[in-house]
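# Report on the structure
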Amino acid sequence: MPRVPIGSRELRILVETVKLAEEIKPSQQAKRNVFRKHRILGTDVDRVLTAIFYNTMRRLGIIDKVISDVTKVPNVLILDPWLRAALRVATNLLLFDRISDKLKRLLKWKVADYISAITHPYVGMYYWRVFDEIERYEIKPKNRDEELEIKYLLPSWFISKMRSLLGDSEAEELFKALNTRLPISVRVNTLKASVEEVVEELRKLGKNPVVSSYVPVVVKFDGPLDFDNTRIYREGKVVIQEEAAAAASILLNPKPGETVVDMCAAPGGKTTHIAELMKNRGIIYAFDIDKYRIRRMKELIRRTGVRIVKIFKEDANRASEILGEEVADKVMLDAPCTASGTIMKNPELRWRLRPDGIVEIAQQQYELLKAAIKLVKPGGKILYCTCSLFPEENEELISKVLREHSEMELIPLKKPYSEGFLKGTMRAWPHRHGTVGFFYALLRKKKEK
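I will try to describe carefully the structure that is included in this document. Bear in mind that the values here come from a model prediction, so they are computed numbers and not experimental data.

## What about the environment of P355?
Structurally, the position occupied by P355 is in helix α18 (residues 355-375). Through-space distance from the C-alpha of P355 to that of T304 is 39 Å; in sequence the pair is 51 residues apart.

As structure tokens, then:
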């Protein structure tokens, strides 16, 4: 890495940030909290430490394997949390970043002193003792999947799964894309502005905006942008939303005057988009259980000028109990998922994914889909979508629903993205379309004959 203008204070801040990132999600929020506490937000030190922090989070799975091997513990979570954070910072800097001998000495001695003072002297002594072993450590992959794990900083089981889905060549294109930074993506709020107006405003701000070729109300540009001090954002003329997420409401195609249920609505990106497409005429019942996300949704609804949303802080599985059955013309189910298609936006997510967690979340999604089927009128439609790459949460789940619910049929989706692994479904891929990974299936309840 380039010369790092940091010393013992900055190393302590890094350790504190990595520790807090275990407790607060997303990790960006943990970083902001610690940096604000130490008054380095927006400084040159902020930029240097941010780069090191995100590199540490992106490499976390490999770093933890090294720590486990060196310490001989089967799982690094057994270790004291301050020790674990210090070893993660040290492993990243020693094995992946080229740092000066002076910084190595600070990393060994001052960090040992720091965690001794904040926990127990034995913890600092242990860190000091294994430090040299980490510095001498050589990472040696055992097979092709482990080679790719190190190259692309993705779990070997995930690599194996994607290679079996896409083939070796295309899977590597996906892995590259998952390590690429996406441009900022905003959706134009057509209740308040035109795409042309937003493009012109962004040009005045020195950006080089590009209108999406897949979703015409989405504009992309390279960051950064201080949204809170940007007029088109404050006035609700744009909503921060990924292109693939914005496509979902368009595929549902709600009409003015209809009744729509948004089952997992907060923080409201799709809810407000649906209201725009309905021209603020009709009713949207928005369900969510997260009070903090609901608070954000209420603010977004206010800022965008949406007037037709009724919010329920309730489990969406109870929606038909609350509203009645067969009441909705359209249902949006953007289901909770592994979010595996958003790895490029959430650096630590790649290491939080667990293969044994996919089955459990797929069952939750199935229960939500059954609830959606109760809500929708005969002839009405359900748009099921996730930001997951895994077929268990997507094509396999839709196939199960179609087998077990003969009253439902699949409406084929042909654009704007690629066909899914089940004919009639659709996927947005990071490597093919330059957006987060997304899956879509449009279902219709058959009318009685």
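## What about the side chain of R303?
When you line up the elements, R303 lands in helix α15 (residues 291-304). Buried within the structure, R303 lacks any salt-bridge partner; its nearest side chain of opposite charge belongs to E299, at an N-O separation of 4.2 Å. If we skip the residues at most four places from it in the chain, R303 touches K192, Y233, R234, E235, G236 and V238.

## Concerning the pairing of strand β1 (residues 184-188)
Summarising burial for β1: 4 of the 5 residues are buried, a large majority. Sheet topology places β1 next to strand β3 (residues 218-221); 4 bridges connect them, and they run antiparallel. Each residue of the ladder has a partner; that of I184, found in β3, is F221. Where β1 and strand β4 (residues 238-240) come together, 3 bridges link them in antiparallel fashion. Residue pairing across strands places R187 opposite V239, the latter belonging to β4.

## Some details on helix α19 (residues 395-404)
Turning to α19, its buried residues number three or more, namely E395, L397, I398 and V401. Viewed along the axis of α19, the buried residues span an arc of 160 degrees, placing them on a single side of the element. On the buried face of α19, the contacting elements are α18, β9 (376-386), β10 (408-411), β12 (426-428) and β13 (438-445).

What counts, and at which threshold
- Residues numbered from 1 in each chain as written.
- Predicted model: local features only at pLDDT ≥ 70, side-chain atom pairs only at ≥ 80, totals over all residues.
- Heavy atoms only, no water.
- Helix = DSSP H or I, 4+ residues; strand = E, 2+ residues; numbered from the N terminus.
- Buried < 20%, exposed > 50% of the residue type's maximum accessible area, 1.4 Å probe, protein only.
- Lys, Arg positive; Asp, Glu negative; His and termini not counted.
- Salt bridge = Lys/Arg side-chain N within 4 Å of Asp/Glu carboxyl O.
- Contact = heavy atoms within 4.5 Å.
- Pairing = 2+ DSSP bridges.
- Arc of directions from axis to C-beta.

So far we have only geometry, and geometry alone does not tell us how the molecule works.
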